[in-house]
Amino acid sequence: MTQASLLTPALCAGIGLALASAPAAAQCQGHTRNGAAHDWFGWSAANAGDVDADGYADFIAGAPQSALYGSAAAGYAVVVSGRRGLELHRLTGTIPGGAFGEAVAGAGDVNADGFADLIVGAPRTSTGGEATVFSGADAAPLHHITGSAGGYTGASVAGAGDLDRDGFDDFLVGSPAEFGPFGYGGAVRAYSGRDGTLLWETGSPGYRDYFGSSLDGLGDVNGDGWPDVIVGASGTNLPVVNAGAAYVLSGRDATTLYTLRGYELDDLLGTAVTGAGDINQDGLADFAVAAPQAFGVGAVQVYSGQTGQTMLFLHSPATRLARAGDHDGDGRPDLIAGNPAAEAGFPFAGSAVVYSGWTGAVLRSFQGSSAQMWLGCAVAGLGDLDGDGSSELLVGAYGDDRAGPEAGSVTVYSCDDFVLSGPFPGLAGAGNTLIVNGATPFQPVVFAFGTQLGSTGVPGCGILSLNIRPVQRAQVVDADASGTAALPFFVPASKSGTAALFQVAELGACRVSNLVAHVFP
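About the thresholds
- Residues numbered from 1 in each chain as written.
- Predicted model: local features only at pLDDT ≥ 70, side-chain atom pairs only at ≥ 80, totals over all residues.
- Heavy atoms only, no water.
- Helix = DSSP H or I, 4+ residues; strand = E, 2+ residues; numbered from the N terminus.
- Rg over C-alpha atoms; globule rule 2.2 N^0.38 Å.
- Contact = heavy atoms within 4.5 Å.
- Areas by Shrake-Rupley, 256 points an atom, 1.4 Å probe, with all protein chains shown as cover.
- Lys, Arg positive; Asp, Glu negative; His and termini not counted.
- Charge placed at Lys NZ, Arg CZ, Asp CG, Glu CD.
- Pairing = 2+ DSSP bridges.
- Axes fitted to C-alpha atoms, helices over the stretch in contact; angles between N-to-C directions.
- Phe/Tyr/Trp six-rings, centres within 6.5 Å; stacked < 30°, edge-to-face > 60°.
- Buried < 20%, exposed > 50% of the residue type's maximum accessible area, 1.4 Å probe, protein only.
- Lys NZ or Arg CZ within 6 Å of the ring centre and 35° of its normal.
- Polar contact = N/O pair within 3.5 Å; in protein donor to acceptor, adjacent residues only side chain to side chain.
- Salt bridge = Lys/Arg side-chain N within 4 Å of Asp/Glu carboxyl O.
- Disulfide = S-S within 2.5 Å.
- Core = buried A, V, L, I, M, F, W, Y, C linked by side-chain atoms within 4.5 Å.

Caption draft 1: Focus on the overall build of the chain. For the chain, the helix and strand inventory stands at zero helices and 38 strands. The C-alpha atoms of the chain give 25 Å as radius of gyration, which agrees with the globular expectation for 521 residues (24 Å, within 12%). For the chain, the C-alpha atoms occupy an extent of roughly 80 × 45 × 45 Å along the three principal directions. A separation of at least 24 residues holds for 54% of the contacts in the chain among residues at least 6 apart in sequence. Counting every atom, the chain has about 19400 Å² of accessible surface; 54% of that belongs to carbon and sulfur. Mean positive and mean negative side-chain charge positions of the chain (20 and 49 charges, respectively) differ by 6 Å.

Structure (structure tokens):
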């Protein structure tokens, strides 16, 4: 292999970057979609299922438009292709101040037309809140649910699977503030996807239990052939005030299968709940519950669907939970937990963390980059959208102000092991080597070099780009059988103190490595 002298005078003018070389670990590329000023875009976000029937999951993100502060805007939700990043549908609210988009979810295929459908909540309407199911094929409204005064109907929504086994997926709507037939503690209702009729309803008599403040479809927990449901009631006052609770219910008839309770004052167990997939590989669905103030540091517990017993305990103040897909290659689903109030270098910058569903190890983490960004207010796994073997992740940050005050954003993170390391030994007056791991075996990769941060499009790869502009030199190297490519080069001693940026692109797979910035001593 020919050794090249890459640090030409033009390249080495020097930009004064005082950054260390990036570590050789899995890295994530983020593609961000922003709202407009005061939209609060990304307050909610979810895996929508395959809306456009292209074989890949899509996502939905809501923008309630600051209705919490009395905005007259009605709110909206955007459905985006997971594979192509194109807007598929824009769903808009009709009632000013109704906070349409405060809750969003994939509804499954409620009309059995082969396209995944959507459900959006507008819990702040004068009718007591509403939820609407929309067709994934053409965004036409399919079902509309209206609550009762003060019920906050639509604060939580979810797809439930086929609860009545009629071949049509069904859906769930929470009314956590309802004063109704079950008392004063909130209610959850399951509706037929086929015709919108009520399948069952259940609730809590406890005053301000907020039963239905969170909910999710689980899959089959008890092995009876019907998908089941989990409901959070974070305000439950047993055994102490605001201890919180969560209930696993039979999807067949709403019979309680498991009751989980907080232990101490203000644990708020049930603030977030999620189906976790089959983590222990016993053939039954497992689930996870967050208690963000438990033990003073917060807790997330993962439970066996078969026994209802705790399988994993995590110290985490998460207020959002979702399935993340398999990120450590152990064949078991992992979890993503959002903590939008995290002090990640800035007040309320927010964070999102991916944990191994089996061991609890931290696999990936993301932090907000500014004060009151509230990153992690929505989290979801999207499945493998780019064929690299790792699930993409969706993270909302409703306070992101890069596109305007409180515009908000959602970011799709693609994480893999296509990692650039070096240069080694990183010295002027010596031969150096850059190494990239995780490339497709025997395929060419392009090492790119420059001195300024910016964006340079990768040919044939849509919106994918390098973080260098301009790219002042590029060199192609073929990866070996293990997916490793190395580029040796010489740095003259006269270039001591100069700086450069390095990044690698694999055009065939349309992906780029992490960016490495290095000052040659």
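Resuming the write-up.
Caption draft 2: Expanded view of the sheet that holds strand 29 (residues 419–424). Spatial ordering of the open sheet is given by 29-30-35, a layout of three strands whose pairing is antiparallel. With partners counted over all chains shown, the strands left at the sheet margins are strand 29 and strand 35 (485–491), one partner each. Here the average twist between neighbouring strands, direction ignored, is 15°. For strand 30 (residues 430–437) and strand 35, the ladder comprises seven bridges, and the chain directions are antiparallel.

Caption draft 3: Spatial organisation of the packing of aromatic side chains. Counted under the stated rule, the structure contains 18 aromatic pairs. Where Phe41 meets Tyr76, the ring centres are 6.2 Å apart and the plane angle is 15°; that geometry is what we call stacked. Here Tyr76 lies in strand 4 (residues 76–80) and Phe41 lies in the loop between strand 1 (27–34) and strand 2 (44–49), a separation of 35 residues in the sequence. The same class applies to Phe41 and to Tyr76, which are both buried. Measuring from centroid to centroid gives 6.5 Å for Phe179 and Tyr207, while their planes differ by 50°, and the two rings are tilted. Remark: Tyr207 occurs in the loop between strand 13 (198–203) and strand 14 (211–219) and Phe179 occurs in the loop between strand 11 (170–175) and strand 12 (187–191); sequence separation between them is 28 residues. The exposure class assigned to Tyr207 is partly exposed, which follows from its relative accessible area of 49%. Ring-pair connections join several aromatic residues into one group, and the members of that group are Trp40, Trp43, Phe348, Trp374 and Tyr398. Note that Arg165 overlies the ring of Trp226, its terminal NZ or CZ placed 4.1 Å from the centroid. In this structure, Arg332 packs its charged tip against the face of Trp358, placed 3.9 Å from the ring centre.

Caption draft 4: Expanded view of the sheet that holds strand 14. Taken together, four strands build an open sheet; the order of strands is 14-15-16-17 and the sheet is antiparallel. Each edge of the open sheet carries a strand with a single partner, namely strand 14 and strand 17 (256–261). Neighbour-to-neighbour, the strand axes of the sheet open up by a mean angle of 15°, direction not taken into account.

Caption draft 5: Highlighting the side chain of Asp39. Tracing the backbone shows Asp39 in the loop between strand 1 and strand 2. Here Ala36 takes part through its backbone nitrogen, which lies 2.9 Å from a polar atom of the side chain of Asp39.

Caption draft 6: Examining the pattern of salt bridges more closely. This model, assessed by the stated rule, comprises 11 salt bridges. With its nearest N and O atoms 3.0 Å apart, the salt bridge here joins Arg84 to Asp52. On the criterion of sequence distance, the pair formed by Arg84 in the loop between strand 4 and strand 5 (87–92) and Asp52 in the loop between strand 2 and strand 3 (58–63) is long-range, its members being 32 residues apart. Note on Arg84: relative accessible area 47%, which makes it partly exposed. Glu87 serves as the salt-bridge partner of Arg90, at 3.2 Å between the closest nitrogen and oxygen. Connected through salt bridges with shared partners, the residues Arg33, Glu87 and Arg90 form a single ionic network.

Caption draft 7: How the structure looks around the state of the cysteines. Under the definition given, this model contains one disulfide. A sulfur-sulfur separation of 2.2 Å characterises the disulfide bridge that pairs Cys461 with Cys510. The sign of the S-S torsion, about -85°, decides the handedness of the disulfide formed by Cys461 and Cys510: left-handed. With Cys461 in the loop between strand 32 (453–457) and strand 33 (465–468) and Cys510 in the loop between strand 36 (499–506) and strand 37 (511–512), the pair connects residues that are 49 residues apart, well separated along the chain. Judged by relative accessible area, which is 31%, Cys510 ranks as partly exposed. For Cys377, which is in no disulfide, the shortest distance to another cysteine sulfur is to Cys415 and amounts to 18 Å.

Caption draft 8: The environment of Ala160, seen in detail. Here Ala160 shows up in strand 10 (residues 156–161). Counting along the chain gives 65 residues from Ala160 to Gly225, while the straight-line C-alpha distance between them is 13 Å. With residues up to four places along the chain from it excluded, the contact list for Ala160 reads Asp170, Phe171, Leu172, Gly217 and Pro227.

Caption draft 9: Quick look at the nonpolar core. Counting 20 residues, the largest nonpolar core has Leu420, Val436, Val445, Phe447 and Phe502 as its most contacted members. Elements with a contribution of two residues or more to this core: strand 30, strand 31 (444–450), strand 35 and strand 36. A total of four residues in this core trace back to one element, the largest contributor, which is strand 35. Those residues within four positions of Val445 in sequence are excluded, and the remaining contacts are Phe418, Val436, Ala439, Gln475, Val476, Val477, Ala485, Val504, Ala505 and Glu506.

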